[in-house]
Amino acid sequence: RICQHDGSLTANVQGGYRQTPFLGRGDALSRHIVNKFRRPTILQLNIEGLTASKMVVLHHLATQFEALVILLQETHCTSAERLVLPNYQLAGFSLSRKHGLATFVHERLKWILVDQSPPTSEIEWMCVDVDGYNIVNVYKPPPTRLQASDFPVYRHPTLYAGDFNCQHVDWGYDTTTADGECLAGWASSNGLTLLYSPKDAASFHSGRWKTDTNPDLAFASVDSDSRLPDRRVLGKFPRSQHRPSLITSPRLAHPKPSKPVKRWNFRKANWSHYSFLTNKLAKTLPPPDHLNTDQAYQCFCKILSTAAKRSIPRGRRTNHIPCWDAECEELYQRFLSLPEGLDSSRAATALLSRLDRKRKDRWSEAVRNIDFSHSSRLAWNTINNLTGRSRQAPRQCPVSANAIASQLVKNGKYEGASRESTRLVLHELSDLWRATPSHSVNLSGDFSPREFSAALQHLKPGKAPGPDSICPELIIHAGAGLKSWLRGFLSSCLRHLTIPKVWRRALVVAIPKPLKPVEDPKSYRPISLLCVPYKILERLIYARVEPLIDPLLPREQAGFRRGKSTVDQVTLLTQSIEDAFEAKKKAGAVFVDLTAAYDTVWHRGLTCKLLRLVPDKHMVRMIMELVQNRSFTLTTGDSKPSRLRRLRNGVPQGSVLAPLLFNIYTYDLPSITSKKFAYADDLAILHSSGEWKELER
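Residues numbered from 1 in each chain as written. Predicted model: local features only at pLDDT ≥ 70, side-chain atom pairs only at ≥ 80, totals over all residues. Heavy atoms only, no water.

Draft legend 1. Spotlight on the pattern of salt bridges. Counted under the stated rule, the structure contains 18 salt bridges. Measuring nitrogen to oxygen at the nearest pair gives 2.4 Å for the salt bridge that ties Asp325 to Arg354. Taken together, the residues span a long stretch of sequence, with Asp325 in the loop between β19 (314–315) and α5 (326–337) and Arg354 in helix α6 (residues 342–368) at a distance of 29 residues. The salt bridge involving Asp668 is made with Lys609; its shortest N-O contact spans 3.0 Å. (Salt bridge = Lys/Arg side-chain N within 4 Å of Asp/Glu carboxyl O. Helix = DSSP H or I, 4+ residues; strand = E, 2+ residues; numbered from the N terminus.)

Written out as structure tokens, the structure is:
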């Protein structure tokens, strides 16, 4: 049969599909994607029994030589759960305690499992189509007799590679056996060319007989318009008498590697030195209430960056292999340099033992760090990775970033809006600005050290930075002098109703909604990455406004409110349904989900409702200053970002104030006789009656 892969499932020839655990992306490999000008680099190895430590060494080898397809023979696996390789998907496999095959394809490539040998066949093979290139993984046990009909024949381009266990003088043996003659005749009759050079090292070294032979072979189809692939035998592999083979195609063009984005390594940061530097450099900052807000904030960001560069390592490993460290690399190089013998065997044992210890330590650390009290999402991600139920491999977004950005801008436009309703709202808004509040509360004073400290406690390390590239850790670990300056700067922003221009920008990441068509720009949820100091200011304002607003919100709204959750709403809804049944009545419910709820918040309507509820007009002006005149660039993660767009309405998802502002915007829903159960933009309306007709009305 034919099993097609689209980036999320791997074919399981034993029946059905299974999901491949996603343990991270390769960095250098992701740019070496096969195209019509280049065939994938293939790594072939008879691994002589697959273990977890051997998989780490195999991953290191594949990363080192940028292999996109891996062909393994003699895996000796009876369960497919052991066939997991980071950055690769299991395209096909056969299970056997004595033999066994496995074919891995890099997660960025598209493949189709074309066919494979039946379970009753002694000779194992499987064919995987990788972007139109047929790659056949082969293993023939030594005592099995070969016949010309044992291998299938596919059209060009095709490559056969594996452990054939056939002797022929054409590939370095002293004699030719019947199996070797059959294999050579089969290849010749089907237009296949042997990839072999006498100058290469032998692919098998017998530890018992101390001989070098070539049971591992590769045959490739060729036509007048293509070149033969290159094949070379690599060095030794721990606990296997076979040597890996690397099969590559001549490059018509050399890809230019992209510049990696450097990241801070906060685990190795010298925070005491960083705090000292920020305190020292804070003395050079302009006053917090400087008239030029943008210039003052740029100086603040420069000081954070300067102190971080002097006390925090920064960089990026282009090829990260879990558990592989400098000591493993040293042991591996020592193993390669030693001749075959007792010392080489001891070096291999030392390398695999080191990897086993590192894997055990990594497992223990991952289990210890599972903490549901801080972040249940991270805890569940860790559990899913440990148990093999991780998320699907990422798919390429079929919609351009500009198309999704255009949809977001369109969401904030109201086509066909009632002019009369708009006129009434504007008239009320004008009256509210002129009116004197019945009770005035000063919410616009300078922020106290206690308020600022409480806001910093809500900062979560590990969050992505905004357009200013300031990470939360850089503010959390800053010195007291710099934190005091930032508190004064935020107070000045509130006092003068002005914020830096960079705070008005957002980096929006479009995340596909579950069970929605990915081809539709409306099927993406925009998450805004905002500047961290901007979110601190929002947190300070939220702490002042929320205690006054929450008692005024309707009781049926449970979204983002203390002591309320979706569990409460579901419980109340089901209890109301049961009460209706007990009263011999019929219950009917209508479930309402607002489309693009946050993006459609009308700023003038929001201002009107803020003036009704917030007893401080200066604070209302500050909140609207944070919300209005915003712009963004959008990215899907695998394409170029969109051009800069400006928003006329809406509140950014990812903002601290956004949930509270949305609750304010929807707090005055019309009163009805039916019961309402709301959580943010999800609303359930329940009505009970003794008659169906009345219920339908």
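Draft legend 2. Main features of the layout of surface pockets. Here the second largest pocket is characterised by a volume of approximately 720 Å³. Taken together, 27 residues make up the lining of the second largest pocket; nearest its centre are Tyr414, Trp602, His603, Gly605 and Tyr665. Sorting the residues of the lining of the second largest pocket by element identifies α9 (419–434) and α15 (603–613) as the ones contributing at least two each. The greatest single-element share of the lining of the second largest pocket, amounting to six residues, is contributed by α15. Each residue belonging to the lining of the second largest pocket can be placed in one class, and the counts come to nine nonpolar, eleven polar and seven charged. (1 Å grid on protein atoms, 1.4 Å probe; cavity = no way out; pocket = protein on both sides within 12 Å on 5 of 7 lines; lining within 4 Å. Points joined across faces, edges and corners; volume = space filled by probe spheres on them. Nonpolar A, V, L, I, M, F, W, Y, C, P; charged D, E, K, R; others polar.)

Draft legend 3. Expanded view of the environment of Pro322. If you trace the backbone, Pro322 turns up in the loop between β19 and α5. The sequence separation of Pro322 and Val56 amounts to 266 residues, and the corresponding C-alpha distance is 7.6 Å. When near neighbours in sequence (up to four residues on either side) are disregarded, Pro322 contacts Val56, His59 and Arg362. (Contact = heavy atoms within 4.5 Å.)

Draft legend 4. Quick look at the environment of Ala202. By the secondary structure assignment, Ala202 is in the loop between β12 (192–194) and β13 (204–205). In this structure Ala202 comes out as buried when scored by relative accessible area, which is 14%. For the pair Ala202 and Leu234, spaced 32 residues apart in the sequence, the C-alpha separation amounts to 9.4 Å. Leave out the neighbours within four places in its chain, and Ala202 touches Asp212, Thr213, Asn214, Val233 and Arg243. (Buried < 20%, exposed > 50% of the residue type's maximum accessible area, 1.4 Å probe, protein only.)

Draft legend 5. Region of the structure containing helix α14 (residues 566–582). With 17 residues, α14 extends 24 Å from end C-alpha to end C-alpha; this agrees with the ideal 24 Å at 1.5 Å per step. The inward-facing, buried residues of α14 contact β22 (586–593), β25 (675–679) and β26 (682–689). Looking one or two places after α14, you find Lys584, whose phi comes out positive at around 60 degrees. (Expected span 1.5 Å × (residues − 1).)

Draft legend 6. Structural context of the confidence of the model for the chain. Averaged over all residues, the pLDDT of the chain is 87; the fraction at 70 or higher stands at 90%. Within the chain, no element has a lower average pLDDT than strand β3 (residues 17–19), which sits at 32, and none a higher one than strand β5 (residues 69–73), at 97. Confidence over residues 1–37 falls short of pLDDT 50; this stretch has 113 contacts with residues more than four positions distant or in other chains. Confidence drops under a pLDDT of 50 for residues 251–258, and excluding neighbours within four residues, the segment shows seven contacts in the predicted structure. (pLDDT = per-residue confidence, 0-100.)

Draft legend 7. Broad picture of the sheet that holds strand β24 (residues 645–646). In spatial order, the strands read β21-β20-β23-β24; together these four strands make up an open sheet with mixed pairing. Each edge of the open sheet carries a strand with a single partner, namely β21 (524–529) and β24. With five bridges connecting them, strand β20 (residues 505–512) and strand β23 (residues 631–635) associate as parallel partners. Within β23, the residue paired with Leu507 across the bridge is Thr633. (Pairing = 2+ DSSP bridges.)

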